[in-house]
Structures are given as structure tokens and as C-alpha cells.
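# Architecture and fold: a report
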Amino acid sequence: MTYTILALLIIFTITSPKFIVTKTMVTIVTLLAFAFWYISNMFTGNGVNDAVFYHLQNSSEGVSVDDLIPKIKVASFFIAIILFLIIYCTLIKLKKIKSLHLPISSFLYLMVFISVIFSSFSINIFNATKESFFSKGNAAAVKSEYLIPDKNLDKKYNYVFIYAESLERTFRNLEGENYLPHLSALADNYADFTNIIQPANRGFGWTMAGMVNTQCGIPLVMAQGNTGGNLSEFLNNANCVATWLTNQGYNTEFLRGSDKEFAGGDKFFSQHGWSRQDDLNYFVKNGLASPDQISSWGVHDDVLLNHAWMEFSRLTKSQQPFLLSFLTVNTHSPDGLFLSECKDKVGIKTDYAMLSAVQCSDYLLNDFIKKIINSPSFDNTIIVLVSDHLMMENDASALLDKHKDLRRNNFIIIKKGLNPVKNNTAGTLMDVWPTVLDISGSENKYLGFGRSLNNNEENKYIADYKSGKNADYLAFASELWGVTSLKDKIFQSGDKLQIGSQKFSLPIYSPVSESKLNFLWFEAFAKNIFKITSDNHSFFYANICKNIGINENAICGYVVSPDTITKLRITPQGVVSSKQSNYQSVFFKQNIEGVSSAPFFMESGFSASGTNNSLPSGINFLSPQNSSFKIELNYQTCTGAVVDDNAVQNLVRKNKISIIASSDSIICSGENGYISLNGIFKSDVFSSVQFRQQIIGVVKDGKSEFIKGLPGIPLDAFIDTDKGNLISVCKAFNDC
């Protein structure tokens, strides 16, 4: 139905010249929104959710390139449609072609657009955005529900905790087939928890969330826009199970076949009780995995499980209790990975690659678990298996979607002497460790918001979630990141800014309210700052002084309001100067555009009057379009593209104002073939450009002005489109 509505929207856009520019712009925005939803759905299988926003704002190091290719193809399809609409609209306005004419197309367009507003994808985007960024909640209202284990274990079992990537319980009965026969048999003989739901709101539904859910008993609420690689402390106020076990003498070790830095995981584990992490780099460095045993998502599971068994054998020989945990990867969407070791070991032949991968994982995990069960060490070992989240979009999603309301996560506890039980109490992954501790004989039957499912009753979180009243829990979980305040001690720590105990990479900028920083940003300052100042909100900015053109060995900080600016100088000794003055900065003025140029691994783009646009790599030439700007020429010079001097000259001549901006790098060899641009712009800025040295410039009425950054360092600048002035960051702060 949605595809039909979008097709009609396009048809009614091009079948009448009346309001064609407005209709084209609205249709393009609609298509971009749908493309965002569609590609998000390819990742999650559940449209736009908190997982999407989390990974948009956190490190994507370790992500599979192969997994991105289908998404890029889909994005290209939508881009082609949008380009067609732009070209068609332009030709109509220039009267180069005659438009199709349907007398009532404008009325029909309005009706169809109303249908778009109330379509499922629009509602999903609206609800996800509202839930992720605008639901406040009252943290104090649920403070009493957040419980920390406070009693030591009477008997110290060894724990083997398995995160089975996306291996949800639904695979045990999918269209009448059981794709997890071995794990099902184990579950039937031990404790099987059959009703582990995945809340559809914030904080659940992807790997990092599943780990925080289980280990800390809380939803993983984004740290107000923080990226894991840019702050020193990950959920610094949370109390998690590995720390509690470490304090009782446990050795803790986590194994994963992927990069530990993915999504900030290395910080979470190192700061919450885990003494050792073995990841992809460990396997490669120690010769444990050959190149053909590594997929785009990490080390193959057979290699990981062999290493896990060796570590289990080693740890059992010590006199110290241990927690050994690992994360598999072979059932990662979209297709999973079937290993040769599983050939002739799976019972159901299927055309779905993921279902074959699921059966393979079932076989490998069962083999690993049986080794422990058949070892003398099983007497004092508890094995836990959970799926870290429901499976995201994959080639078998059509089958899973038929059981959408019945999909559940796996949660199995295997312990010698444990009577077989099927527990149907509704719970979430937050309830996993409280239940494990309960079965261990501990008096601690709680962790965070989690409660033991052996109580056979829903805890308050589940009840509130079902009634749509869990914003308070999310607010509380958000506060566990710690609130950064400019009233705390501020000083320079190496190349980072330290506020209180938290260290931040630079640059950093954030709205300021009562001296508190919220919604922290770290990249593309010029591109994004107007999101903060559009409602006259004050903000804080800090960067190494030399990175913004100020020759001082310090950090330059600024607290900026619509009418004042406070300039700070921050050194290892603290804030050594603070000067406030009345000054209306460009951040609160009209007709100011921001441009952010950066290496490929950082965000770049331009603001273009409130909308955000990316900059492709190489050198870009922007022209005014209505009240905004567009990229008219792009030359990816690092890949061999040759700048067309005539085209650049024509662009400069025809436009009253033009913007020039690099991205990533405009030179990737020892030769600079772009010096001819110096003649066009009457500048020598292109004479000595280095690798990944950014350039931003403006040309108005034939006069040009440029700013050149430092090699490898992002560059921000602002353009006054009325006067044609180029404004550096230090000028914007009135501090050059």
C-alpha cells in the first residue's frame, strides 16, 4: 500500500505545472524520509528504532562492509528518483518541456500526501524520534525500583554466559519447523524461560543494548548524543554484575570475534568489571584465526568456540571462580554464515541462508555446551544462553514476520541437578542475571530494574511498559551516564578536555542549561550548531586553540548566548582566564551558512539554511538555490577525477556567490594538479595543499576568500551569504 501511495505522489507531482516546485520539494522530502525508514528496516527488521539512532551517533568501527552494499543500492535507487524529479521540475520551470496535465492533480496530490502523513512508516519515524529525543520522564519516580545487589554469594559457581547473536527463540517453531533442535533439547532438560519479550521502545534491540540490559539491568539510553569513542566513561554511574562479581574475587573474561571498539564496547567492558577482553585483533595477533576464518563481521564461530573451550579449561584449573562470556557472530543479519564444519550436521534443508546459519549455530553451540556438561567442572558451573536481541532484517524475515507478536528471545539456564522447568513469566533481558543469581542460591534476586523470573510475577517495569508508562525508567537510565556541569572542575588533560572525572575528545559542543551540558556533539560543528541555536539556546564549545587559528598552548572554550559570549582559556591548571562581553555572534543571525570539512572517518557537510547536507570526497563547488545551496560540481580528485577549469569558471561567473569546500582530501599523491584553480580564484591557496588538509572558501562578485586547515584536522567555517564574508571559527567567537 505504501509503495502505491508513493507512486501516486510522484505521478501527481509531475502531472500539473501548478505549484510544481513546492510539490517537488515535498515529494523529495517524503522520499528521503521513506528511504531512511526503508534502509533502517533493512538493518533492524522493525523500521526506525533506538538502535538506528544509537549507531548513527556511535562508533561504527567493525561494521561489515558487505552488509552495507544492499543498503547503498537502495539509497542509489531513491537518489535516482529524486534526481529525475529535480531535472523534470527544472525543465518545466525553464519551459524546456511541456508538462503532463491532469486537471485535478493538485487536489489528488493533497489527498495522497495526507495519506502519507498517516502511513505506517511516517508514524514509525515520528514515534521513534519522539521516544528517542523528546520523552523526558521523571527519573525520581522510579529511583526506588533501581536495586543494587548488596549480599555476597554463599556458593561461588563458575559462570559461562553465552550471547548468541540474534538467535531468538522463535526459530524453535517457525512454520512448523524447529531450526534449533539441539538447544531445544537442552532447554527441555533444564530451565527454559519462554516469554522474554523485547520492548519496542528505547533501550533494547541491538547487541550493545542487550549486553547493557543483561549486565546492568537497565535500558541502554543514548548518552544524549555522545559517541562512545569521544568520552572516557561509558555509563559511569551504572552498577553492573561483572563489577559485583569481581569484588567477590571472580576472574572475568569476555571473548568476541569482532572489534571490541564497535559501539563503544571496549569502554563498557573495561569500566564495568571485565579484566580481560579477547577480540578480533587478539585472534589475528596470536595466529588463532587465518584470513579464511574471518568474515566481514568477525572470527568464525567454530574458531571462537574452540578458543572459549581452551579458556574454560584454563580457568577451571585455577583456584579462582570465574565468569567467562562470549558473543557469537555467524547468525548476524542479513544472511548469516554457514560453516563447512556444519555440513551434513543439520537436519532441515532450506533455501534461506539465514536458516542454514541458525542450524549451524545450534549445532556448534550444543557441541560446546555438551563439552562442559560432560566435564568434571560442570559440577560447579552454570551455563547461561541468551539471544542478545531479536533478529534484525534477514532473508528469512518474511517467515519471522508471520509470528511478529509471538517473537521472543532465548533464555536458557543449564545447571547440574536443576529440575526441568518451563517458565512463562513475562520478562526482558534485564531479568536474566537476577534469575541466574536466584538459581545460584543468592539472596540477590534483583539487578537494576531486573527481577528474578522465578518469582512467577511480572515486575513493575513490564507492567509499566505494557501500559505505556516507562519514560521514567528511560530518564533514570539516561542519568546513569552522569550529568556534566561547567561548575565542575575544568582542565586540560593531554589533548582532551576534562570536566569533573569525564574526559572528552575535542572539539565538543553542547546546549547549556543552568551550567549543565546536554546532547553532546563532537563533529561537524558548523554544519550542526544551528540545530542548537535555532531556538536561541545558549551553548558551550571547546577546542584546541591552535586548531581554530589561535596561536596559544591551551584549550579555547566559549559559553555563547544570543547577546553575550564568555571566552575561557583552559590549561592543565584549570580555567586560567574567563572574560564575558556583550556580543551577538553569527550563530544567532540570519543568512549564515555553516560548512564542515573533515577526513572521511568524521562527519562533514553544510547546513544550507536549516537542512543538513553531506559533502562527497574531493573538492566541491556549491551554488545558491532558492534560499539554500546545492552541490553543483564535485571532483573526487583522489580517485583520478580531473577538475574542469572551464566548468568552475562558468559556475563562478553565473553565481553572485559560490562556496568551495573540500572533504576527506583533494590530493592523494605528491603532485598537485589543481594549481590552475589559483588563477580562477586569484589566490595561491591550492599551491601547497597537503594530504587531508581541508579548504573552505567563498567567492562573491569575483572576489574570493579561503581558509585552510591543518592536515588531518577537521575544519569549520561560516559564510555570511548577504555580504559574502567567510568567517572562521575564531572570528565567529570574536576571538581572533
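Above this note sits the structure.
Conventions used here
Counting from 1, residues in each chain are numbered in the order their sequence is written. Note on the predicted model: pLDDT of at least 70 is required for a residue's local features to be given, and 80 or more for side-chain atom pairs to be given and counted; whole-chain, interface and lining totals, by contrast, use all residues. Where side-chain values are given, they derive from all heavy atoms of the structure, hydrogens and water being excluded. Labels follow the DSSP assignment, with helices taken as runs of H or I lasting at least four residues and strands as runs of E lasting at least two, numbered in each case from the N terminus. For a compact globule the rule gives 2.2 Å times the number of residues to the power 0.38, and the radius of gyration it is set against comes from C-alpha atoms. Burial status follows relative accessibility: with a 1.4 Å probe on protein chains alone, a residue under 20% of its type maximum counts as buried, one over 50% as exposed, and anything between as partly exposed. Whether two residues are in contact is decided by their heavy atoms, any of which lying within 4.5 Å being enough. Only when DSSP finds a minimum of two bridges between them are two strands counted as paired. Handedness of a crossover is defined as follows: with both strands directed away from the viewer, a clockwise route from the first strand across the helix to the second makes it right-handed. Cysteine sulfur atoms that pair up within 2.5 Å are treated as a disulfide. Axis lines are fitted to C-alpha atoms, over the contacting stretch for helices. Their N-to-C directions set the angle, which ranges from 0 to 180 degrees. Orientation labels follow simple angle bins: below 35 degrees gives roughly parallel, above 145 gives roughly antiparallel, 65 to 115 gives roughly perpendicular, and whatever is left gives oblique. Here a polar contact means two N or O atoms within 3.5 Å. Within protein one must be a hydrogen donor candidate and the other an acceptor candidate, and residues neighboring in sequence count only if both atoms are side-chain atoms. Given the number of residues in a helix, its expected span is that number minus one, multiplied by 1.5 Å. Whenever Lys or Arg places a side-chain nitrogen within 4 Å of a carboxyl oxygen from Asp or Glu, that contact is recorded as a salt bridge. Stacked, edge-to-face and tilted are the three classes for Phe, Tyr and Trp ring pairs, Trp counted by its six-membered ring, which pair at centre distances within 6.5 Å; planes under 30 degrees apart are stacked, over 60 edge-to-face, the rest tilted. Only lysine NZ and arginine CZ atoms are considered, and such an atom sits over a ring when it is within 6 Å of the ring centre and within 35 degrees of the ring normal.

## Structural notes on the overall build of the protein chain
Counting its regular elements, the protein chain contains 21 helices and 31 strands. The C-alpha radius of gyration computed for the protein chain amounts to 28 Å, which stays within 12% of the reference 27 Å derived for 736 residues, consistent with globular compactness. Taken along its principal axes, the extent of the C-alpha atoms in the protein chain is 85 × 70 × 55 Å. Looking at the protein chain as a whole, 56% of its 736 residues are labelled buried. The contacts of the protein chain with a sequence gap of at least 6 include a subset with a gap of at least 24, amounting to 66%.

## Here we look at the pairing of strand S3 (residues 251-256)
Counted residue by residue, S3 has 5 buried out of 6 residues, so it is predominantly covered. Where S3 and strand S7 (residues 322-327) come together, 6 bridges link them in parallel fashion. Paired with threonine 252 across the two strands is leucine 323, which belongs to S7. Handedness of the S3-helix H10 (residues 265-271)-strand S4 (residues 276-278) crossover: right-handed.

## Describing the state of the cysteines
Evaluated as defined, the whole model comprises 5 disulfides. A sulfur-sulfur distance of 1.7 Å marks the disulfide that ties cysteine 638 to cysteine 668. One disulfide, between cysteine 638 and cysteine 668, carries an S-S torsion of 85° and so falls in the right-handed class. Of this pair, cysteine 638 sits in the loop between strand S26 (628-635) and helix H19 (645-654) while cysteine 668 sits in the loop between strand S27 (657-663) and helix H20 (676-681), placing them 30 residues apart in sequence.

## Notes on the packing of helix H7 (residues 181-189) against helix H13 (residues 353-373)
Between H7 and H13, the least distance of the axes is 8 Å, while the angle of their chain directions is 40°. By the angle class used here, H7 and H13 are oblique. Each of Pro181, His182, Leu183 and Leu186 in H7 lies in contact with H13, whose residues at this interface are Asp362, Tyr363, Leu365, Asn366, Ile369, Lys370 and Ile373.

## A closer look at the sheet that holds strand S15 (residues 496-499)
Backbone hydrogen bonds are what pair the strands of a sheet, in a parallel or an antiparallel way. The antiparallel open sheet is built from 3 strands, whose spatial order is S14-S15-S16. A single partner strand is all that each edge strand has here, and the edge strands are strand S14 (490-493) and strand S16 (502-504). Each strand of the sheet is rotated relative to its neighbour by a mean of 30°, with strand direction disregarded. Relative to S15, S14 is paired through 4 bridges, and the arrangement is antiparallel. Within the sheet, the bridge partner assigned to glutamine 492 lies in S15 and is leucine 497.

## Brief notes about the side chain of serine 505
Take serine 505: it is sitting in the loop between S16 and strand S17 (508-513). The class of serine 505 is buried, set by a relative accessible area of 13%. Side chain to side chain, serine 505 and lysine 496 meet in a polar contact 3.0 Å long.

## Digging into H13
The end-to-end C-alpha separation of H13 is 30 Å, in line with the 30 Å expected for 21 residues at 1.5 Å each. Burial of H13 is extensive: 17 of the 21 residues sit out of reach of the surface.

## A look at helix H18 (residues 525-533)
In terms of burial, H18 is largely enclosed, as 8 of its 9 residues are buried. Where H18 is concerned, the buried positions are Phe525, Ala526, Lys527, Asn528, Ile529, Phe530, Ile532 and Thr533. Those residues of H18 that are buried lie in contact with S17, strand S19 (539-544), strand S23 (592-597), strand S24 (605-606), strand S30 (715-720) and helix H21 (729-732).

## Some points on the pattern of salt bridges
A side chain with one charge may pair with a side chain of the opposite charge, provided their charged atoms come close. Under the criterion given, the structure shown has 25 salt bridges. With a shortest N-O distance of 3.7 Å, aspartate 438 and lysine 445 are connected by a salt bridge. The class for lysine 445 is partly exposed, based on a relative accessible area of 34%. In this structure, glutamate 552 engages arginine 569 in a salt bridge whose closest nitrogen and oxygen atoms are separated by 2.9 Å. With glutamate 552 in the loop between S19 and strand S20 (555-560) and arginine 569 in strand S21 (residues 564-571), this pair connects stretches of sequence that are 17 residues apart. With relative accessibility at 31%, the residue glutamate 552 sits in the partly exposed group.

## Quick word on unusual backbone geometry
The omega torsion across serine 333 and proline 334 is 10°, close enough to zero to call that bond cis. Tracing the backbone through its elements, the reader meets proline 334 in the loop between S7 and H13. Here leucine 506 and proline 507 are connected by a cis peptide whose omega angle stands at 0°. For proline 507, the position within the fold is in the loop between S16 and S17. One non-glycine residue, asparagine 591, adopts positive backbone phi at about 60°. Following the sequence through the fold, asparagine 591 ends up in the loop between strand S22 (574-582) and S23. The phi dihedral of asparagine 734 is positive, around 55°, even though this residue is not glycine. Mapped onto the fold, asparagine 734 is located in the segment after H21.

## Observations regarding the packing of aromatic side chains
Enumeration according to the criterion identifies 46 aromatic pairs in this entry. With a centroid separation of 4.5 Å and 20° between ring planes, the pair formed by phenylalanine 193 and phenylalanine 411 is classed as stacked. Of this pair, phenylalanine 193 sits in strand S2 (residues 191-193) while phenylalanine 411 sits in strand S9 (residues 411-415), and the two are 218 residues apart along the sequence. The class for phenylalanine 411 is buried, based on a relative accessible area of 0%. Centre to centre, the rings of phenylalanine 621 and phenylalanine 681 are 6.3 Å apart; their planes meet at 15°, and the pair counts as stacked. With phenylalanine 621 in strand S25 (residues 618-625) and phenylalanine 681 in helix H20, this residue pair connects regions lying 60 residues apart in the sequence. Classification of phenylalanine 621 by relative accessible area gives buried; the value is 1%. Residue classification places phenylalanine 681 among the buried residues on the basis of a relative accessible area of 2%. Grouped by ring-pair contacts, the aromatic residues Tyr159, Phe161, Tyr163, Phe234, Tyr250, Phe254, Phe268, Phe269, Trp274, Trp433 and Trp481 constitute a single cluster. Of note, lysine 155 hangs over the ring of tyrosine 157, and the distance from its end group to the ring centre comes to 4.9 Å.

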